[in-house]
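Structural description and commentary
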There are 6 protein chains.
Amino acid sequence: MSGYPYPMLDPPSFVWTHTSSGTGDMKVHQWVKTAAGTVPDWSDYDVTIIGVPLSKSSISSSSASENPDAMRRAWKAFYTYNIDEDIDLQEMKAIDLGNVKQHVTDIAWTHERIQEAMAVMRIHHPHTLPVILGGDHSITAMLVKGYKQVHTHETVGILQFDSHFDVRDPEELGKANGTPIRVLIDSGTVKGAHVYNIGVHGFFNGKTLKDYADKHAIHYMTMKQARQRGISNVTRRVLLQLCQHVDAVYVTIDMDVLDITHHPAAPASAPGGMYSEELFEAAAIAGACAKVKAVDIVCSDPRKDVAEISVKTSVQTMLSFLTGYTKRLQKQGRLRM
Amino acid sequence: MSGYPYPMLDPPSFVWTHTSSGTGDMKVHQWVKTAAGTVPDWSDYDVTIIGVPLSKSSISSSSASENPDAMRRAWKAFYTYNIDEDIDLQEMKAIDLGNVKQHVTDIAWTHERIQEAMAVMRIHHPHTLPVILGGDHSITAMLVKGYKQVHTHETVGILQFDSHFDVRDPEELGKANGTPIRVLIDSGTVKGAHVYNIGVHGFFNGKTLKDYADKHAIHYMTMKQARQRGISNVTRRVLLQLCQHVDAVYVTIDMDVLDITHHPAAPASAPGGMYSEELFEAAAIAGACAKVKAVDIVCSDPRKDVAEISVKTSVQTMLSFLTGYTKRLQKQGRLRM
Amino acid sequence: MSGYPYPMLDPPSFVWTHTSSGTGDMKVHQWVKTAAGTVPDWSDYDVTIIGVPLSKSSISSSSASENPDAMRRAWKAFYTYNIDEDIDLQEMKAIDLGNVKQHVTDIAWTHERIQEAMAVMRIHHPHTLPVILGGDHSITAMLVKGYKQVHTHETVGILQFDSHFDVRDPEELGKANGTPIRVLIDSGTVKGAHVYNIGVHGFFNGKTLKDYADKHAIHYMTMKQARQRGISNVTRRVLLQLCQHVDAVYVTIDMDVLDITHHPAAPASAPGGMYSEELFEAAAIAGACAKVKAVDIVCSDPRKDVAEISVKTSVQTMLSFLTGYTKRLQKQGRLRM
Amino acid sequence: MSGYPYPMLDPPSFVWTHTSSGTGDMKVHQWVKTAAGTVPDWSDYDVTIIGVPLSKSSISSSSASENPDAMRRAWKAFYTYNIDEDIDLQEMKAIDLGNVKQHVTDIAWTHERIQEAMAVMRIHHPHTLPVILGGDHSITAMLVKGYKQVHTHETVGILQFDSHFDVRDPEELGKANGTPIRVLIDSGTVKGAHVYNIGVHGFFNGKTLKDYADKHAIHYMTMKQARQRGISNVTRRVLLQLCQHVDAVYVTIDMDVLDITHHPAAPASAPGGMYSEELFEAAAIAGACAKVKAVDIVCSDPRKDVAEISVKTSVQTMLSFLTGYTKRLQKQGRLRM
Amino acid sequence: MSGYPYPMLDPPSFVWTHTSSGTGDMKVHQWVKTAAGTVPDWSDYDVTIIGVPLSKSSISSSSASENPDAMRRAWKAFYTYNIDEDIDLQEMKAIDLGNVKQHVTDIAWTHERIQEAMAVMRIHHPHTLPVILGGDHSITAMLVKGYKQVHTHETVGILQFDSHFDVRDPEELGKANGTPIRVLIDSGTVKGAHVYNIGVHGFFNGKTLKDYADKHAIHYMTMKQARQRGISNVTRRVLLQLCQHVDAVYVTIDMDVLDITHHPAAPASAPGGMYSEELFEAAAIAGACAKVKAVDIVCSDPRKDVAEISVKTSVQTMLSFLTGYTKRLQKQGRLRM
Amino acid sequence: MSGYPYPMLDPPSFVWTHTSSGTGDMKVHQWVKTAAGTVPDWSDYDVTIIGVPLSKSSISSSSASENPDAMRRAWKAFYTYNIDEDIDLQEMKAIDLGNVKQHVTDIAWTHERIQEAMAVMRIHHPHTLPVILGGDHSITAMLVKGYKQVHTHETVGILQFDSHFDVRDPEELGKANGTPIRVLIDSGTVKGAHVYNIGVHGFFNGKTLKDYADKHAIHYMTMKQARQRGISNVTRRVLLQLCQHVDAVYVTIDMDVLDITHHPAAPASAPGGMYSEELFEAAAIAGACAKVKAVDIVCSDPRKDVAEISVKTSVQTMLSFLTGYTKRLQKQGRLRM
């Protein structure tokens, strides 16, 4: 591969100098390579990471734009080895391509760059799984559109962990963090019946949003229902159903699906949500599913965090997803190590 | 109804200007009407809310006096629609009557006003269910007395969620937040055998208090026992038992019943307590019970809160109770909408 | 005056219910009337307050959008009486017209509404002095343009308290919080020689910004210089000079001019800045100057505040300015009380 | 002296085990002896310390009741040696008599105990200087009354450092923290003309309070005036004037006289106040004045503190006062070491 | 017993003055006697408490050195009576012997004192159960060595609650908080097969550490496995197995085994951990086991705490362990009351 | 220069990817080059920066070890251009050599590496001025010894900004943060008469430490004295005196010299200290003095910081020193640009 194909990306603002010894234990920041304006000449990667530091598109004030770098700093505390599953992420190769460029005052411009970044990544790194670090939930609409732009013939379904439907009206709000699912449905990018939401609960969705969801045949299971059946069981069953109808599944994890005690840092963090160990299980199941092609983690605002609970949980959500993905590659015989 | 019958009440210090559109989604602050010195000429309400900003009566320093306004500010983040139960609180009508007047240095004076407020509310709004936002637990004794003052012939029972018995000696402390149950029993207002406590646990009650509870036949179930049987099951059974012996049930929720992770803001918050989703379930069950006639939420000190966990949990506790109450009214065919 | 002339304004999200007794002591929240969709039929006001909850236009993430309501809550702790000057603001009449409407994702739309709000206010309340509660510094460009739109023949000068020049390039950033002075100069709205900056200091301006300032003859005095001469003396002299060349002076106070100990809540708060008592003096002097026609207070982000230091200081800055304005009106014989 | 003459006092809740070596450097917690239910058989002390953990009498919610123990914990970080003045407090003897007993719900009862404590202390420790650690400002009225109860023929004057007059109406509030000076004047305990207030400023006193102050000939100097003349100079002059007319001066330091940056922990902390080094100087001057017979430090709420700024400042205020007192005793030849 | 046998101990820095009435309810700080340089002449105690304020030996910066005093202050909020188990700790006698002396810059010196303290305590208080309040995990190696130094012929096993193996290489780190189990195994003090770890999980152990654990036959159960079987069940079974092979069991509780929501204050606090009520159960089971001879609680850094969640949980962990111990003594007929 | 001469250094844990454009404005993190295991082939640098992440040697628990990286992150907010002085640091070249390697448990080993690092730096970069980012004050003794090891014939004097003498006894504490000046005097490295301390104040030094200072002829000026004369004036005079007697001046800035409001993050932060603008002036004066050969900034613990006040102040202290150094080089004609 010649040249740097990502003009719409900035490198992460910093790179770790800690180098791995090549053998033995490794922390995540040593494992994830950083592409600072150039992509090392490897045959390919298994995982590409992109940060999307946009949260000006949030309905209530949010600094989720600071999340990508916050996660990069936080994953320095994690090893690549998952003792619960006896899986070492080092079996895969991962590269951090940096952050989508941001315009200070033109949100639409930034949204175009996000779509573009996903599209170019699908072209240049077709065999990798993109992990996107948000930013707020508005980015999901652009990312899925970017995916569809390249994979025009694939039917895309969405597995959404969220305490909201996110089907508010873009006519009123623009492409804001409350609208991505509706943007995708109304634009015909994704069918309502191909959206599965796990985790809506409590008093955080107006009735009209439920009516929209019902009208468009969005599948959803409330937290209460999901917990009674087991989050893991529900996630497995949802993926099974979804995979029967779509070619590719995009997983979007709005961290406000978590209980406020387990993730205080979302603008809409609330009691009555999912617990982190439940989300870790679900993320691992999603990562292992062959049709899952991309994942984003959104709406975590580091400035609202308490004792780093939220950012550590966001990182472990990503690593749990990647544990599942490692299992998938093992099963597919795709790991080269 | 002519004139304002509540001279012992101040309006809430602020009112929201956001008006509902009349149709469609509504946030709680748009749904709850505010009576600022006048009561709108509706036939009647289903719910009356009163704040009691008193916490000078607390044994350890508390600013639970700031909780009523903190809850009013926090409920702006909640819709009236409960997706877990598919219930919309808008089916009912609610009015916020404001706060009981406070004397800066004369706690006894304030206690009298609290009793008076409950009594007058029972006379002027006999068909509504009062929701009282404390304040500390000392107010429960006054509120139950106010209720009995009007409903002199009713036998009143108490369903108490609390990590304490609250039967310390008023001879020593006065009518403090550690004494309300004893004040009620010793004054003959409520029989010990009509008090059911769910949630005592750990090392937060002296042995002599248990002895008092045993001597007066107070029913209690420790958190450990309650969790083994399921908080919901226990709550249902307790209400069943209680309703066989009393005419009216007063529900008092001391927020320190919750685990410190789920409610850090009580003066006595401690580990080993109830989880918020357990309390929400229990509150909904209580709200649905036909003999439940009033509820208070006490001992939440906003200044000790972390990331708004406690105040959001207090609000959702109230809304969960009201979800149950909506179901009750539906069942009773009392809803006018 | 018939009808509500401000379609681009929302009322403040809440109004205080505390009413003044008409005589005697009054807190600021009792003194400032609130126009919730209607303007009371008084002959006129002396002061109009507008909130501009916009900070999406900030270069670094900011929640200054929450400042207008934060100031409204905080001024409840202040009396109208200034004992240092023996001036009671009650001699004047003030009205809070609410907040400029915001678009969630279209910053340019919001900027237009801001300009419009100032223009309409100059037409409908020509005798009043507008006090604008930001929001970030991008709004100043729109507000001055709105002023000029009405007062087309006036030469407008700017008295700026700021640790930055705010002359970064709008070509690159759009109309962001680092660009307002340049937007005004480049558009010909204000001449560089009519801009006086007090408070630039330290390492917070690149050299090229100083070069721009020099090239456009912007007057500035560093904090070090200003303190040696006395902030009050400097402010008086600057106004004297400015008033010889312009018809109207717009005062803009970027709260980051303050030392980080006195105002931790600006995105760019830094050590080495002005002290609050110095700013209060300067603000009072500006308020008393006959040609000063408007003032804004910007770049205070309540989420970054510590112990309410910043928001209380913002309020007292406003009240100090109004103390000067009261003196001006006294001197002009314009007070009706 | 036989027996423990202070039935209205509890010992401090803890005592330090660190013992001084008898010679050499000493921390304050080693220097201050603790009387835990018994008074060591020394001939006499120079300083008696009493805590008054009462803040239920505060207008706005306050935990200043926790200040006495907070100061005791904080003074462990201070040596007895003041290098600025080359004075070692070890030249004097100090004893901590503990805290005035508190009733949980009967503020009047507690107020009586406070008065009693001062009276008994004057009888049993007539040669010592009492240092009282508040608590809120309501206690000053009781303490001065207790002093007068014993020293019936002395004319008592008050030197008050405060941002408020504290002359609100006890008819309305009871003996609250906003009323002590008025309680003393209205009861004839102290003449208005014998009250000197340094530090009133800003927008924190209603005009009617100033009118009361003027009517009763209270002397006051605003912060602005005081700073222009120098706080030290003003304090010296005030004491000179006061000592010409009274037999004894009671010094009361409301910590809200300090700028909010130097003492964020008062309920009414505000910008524009005194700086800590100015207060330290003033306190030392007061301590050195022969007619000063007692001092209290009030309205510091440890729960509102930031980085221990407030409590350390409270301790150093006390130690600065005692530095002055040591000088006084040196001059009077009263030191025994 | 004559003289004070603990020259390597300092008394706790403070002692509570609150004395118990001898009968009735008691708080923990009233129940635990304090030995300030002398040991009261009782026949014997059941529990000895020692603080080890060492955390300079931590890999990442830690103030766990402040934990012993933090726990002493926090247990003032706990009664001795455990209502869940209807057990009153007052049936036993406990003494706080103080803290192991610390060298400011010589960690090896301090480690020797820790070993010495345990050894001397086993000699002078052979019938008591030592409870050690860390400090960081490095102290466990020294404490077990001190135990073995006296009980040379006992085989010692370890029950470890931890999210880490703590078998990093002391060649590289010295006796740090990541190495204690390996120090004990490599020195032959404890066999790998006699170490049982409950709670390793997530991404917090490198693969080579697991390899070390496997090579030395350390038993471990991940959090996920343990939770599926029930933490209580697992603890019971582990103790059963362990007791078949060893003479004495040393219990070490690294508080980072807890989920970050339940204990934010460990340097390595992370999501996905144990919940406090699970740890309380496990601790009680361990306390009741006849072969358990000592327990430590380590790696809780009070400066990282949030709302006292961690320190209260640490105290309740200790009290839960002692509840089990009380049951053991009851069963053994060893209680004298 | 061939090879990397600093085996005792680690690179900083991260490097910024932001590259300067070569012309125009630059932030400090773009200006400071980073040597990650290799030193770029330039003729020479003007400034070498070294981090010393050691604070295990602190008497009270400190995380000043985290300060070097905290300062590196914070200086990203500062431009190289100082508008107060119209000086651009870009005129000089600076390189960040990284951090001195640390042993987890062997403080003496680390101290040797610190001395070694300074010695090697003086040999390999003889023309540069070293700026050392502490760490605690113990490092100053090692750094001065490292300097003397190379420059054996130079007489070294010390200009110390500190609220303490730092002459506690190393016999008792080892080479701790309270002892560096005494370590240097007792070892004959520096004469007491060549030590000038500005800023001792308050109650933070025992009398015996003053006696030691007097006995060894250490010069000191209390904060009160220094402020009366002007910190700048005093600094100038001290340097004048010192330069008459020594060949080289080592400047050590203990950040606890600052008032607690201006630097809350030192373990010993206290009221009554220096203000940041005073320290900035003094640092600039020191940087400009021809005989000043090195500077360290110590005892700033980022975990105790509030709103980044302390770390921003530490950075600006360094930049102010370098502003003076730039002036020195301009005057000496040594700048190559």
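This section reports on the structure supplied with the text. Since this is a predicted model, take the numbers as computed values, not measurements.

Points about unusual backbone geometry
A cis amide bond, omega 15°, links Gly134(A) with the succeeding residue Gly135(A). Phi is positive for Ala307(D), which is not a glycine, with a value near 55°. Assignment of secondary structure puts Ala307(D) in the loop between strand S13 (292-298) and helix H11 (309-332). Its identity as a non-glycine residue notwithstanding, Cys299(F) has a phi of 65°, on the positive side. Inspection of the secondary structure assignment puts Cys299(F) in the loop between strand S13 (292-298) and helix H11 (309-332). Using a relative accessible area of 3% as the deciding quantity, one classes Cys299(F) as buried.

Examining the relation of the copies chain A and chain E
When chain A is fitted onto chain E, the two copies agree to an RMSD of 0.0 Å after a turn of 120° and an axial shift of 0.0 Å. The operation mapping one copy onto its partner corresponds to a three-fold rotation axis. In terms of C-alpha distance to the rotation axis, chain A has Thr261(A) as its closest residue, with the C-alpha 3.7 Å off the axis. The fraction of interface residues of chain A whose copies in chain E are also interface residues is only 10%, indicating that the copies meet through different surfaces.

Side note on the interface of chain A and chain E
Each side of the interface is counted separately: chain A has 31 residues, and chain E has 28 residues. When chain A packs against chain E, the two sides together hide about 2,300 Å² of surface, and 60% of this comes from carbon and sulfur. For the interface between chain A and chain E, the tally reads 3 salt bridges. If you look at where chain A meets chain E, you find 11 residue pairs in polar contact (both at pLDDT 80 or more). Counting only elements with at least two residues in the side of chain A that touches chain E, the list comes to strand S5 (81-82), helix H10 (276-288) and helix H11 (309-332) of chain A. Of the residues that constitute the side of chain A that touches chain E, the class distribution is 12 nonpolar, 10 polar and 9 charged.

Considering the relation of the copies chain F and chain C
Mapping chain F onto chain C calls for a rotation angle of 120° and an axial translation of 0.0 Å; the resulting RMSD is 0.0 Å. When the interface residues of chain F are mapped onto chain C, a mere 10% of them again lie at the interface, so each copy presents a different face.

Describing helix H10 (residues 276-288) of chain B
Residues and elements named next belong to chain B. In a regular helix each residue adds 1.5 Å, so 13 residues correspond to 18 Å; H10 covers 18 Å between its end C-alpha atoms and thus fits that length. Most of H10 is tucked away: 10 of the 13 residues are buried. Taken residue by residue, H10 has Ser276, Glu277, Glu278, Leu279, Phe280, Ala282, Ala283, Ile285, Ala286 and Gly287 as its buried positions.

Reading the values: the criteria
- Residues numbered from 1 in each chain as written.
- Chains lettered and ligands numbered in written order.
- Predicted model: local features only at pLDDT ≥ 70, side-chain atom pairs only at ≥ 80, totals over all residues.
- Heavy atoms only, no water.
- Helix = DSSP H or I, 4+ residues; strand = E, 2+ residues; numbered from the N terminus.
- Buried < 20%, exposed > 50% of the residue type's maximum accessible area, 1.4 Å probe, protein only.
- Least-squares fit on C-alpha atoms with pLDDT ≥ 70 in both.
- Contact = heavy atoms within 4.5 Å.
- Buried area = accessible area lost by both parts, 1.4 Å probe.
- Salt bridge = Lys/Arg side-chain N within 4 Å of Asp/Glu carboxyl O.
- Polar contact = N/O pair within 3.5 Å; in protein donor to acceptor, adjacent residues only side chain to side chain.
- Nonpolar A, V, L, I, M, F, W, Y, C, P; charged D, E, K, R; others polar.
- Expected span 1.5 Å × (residues − 1).

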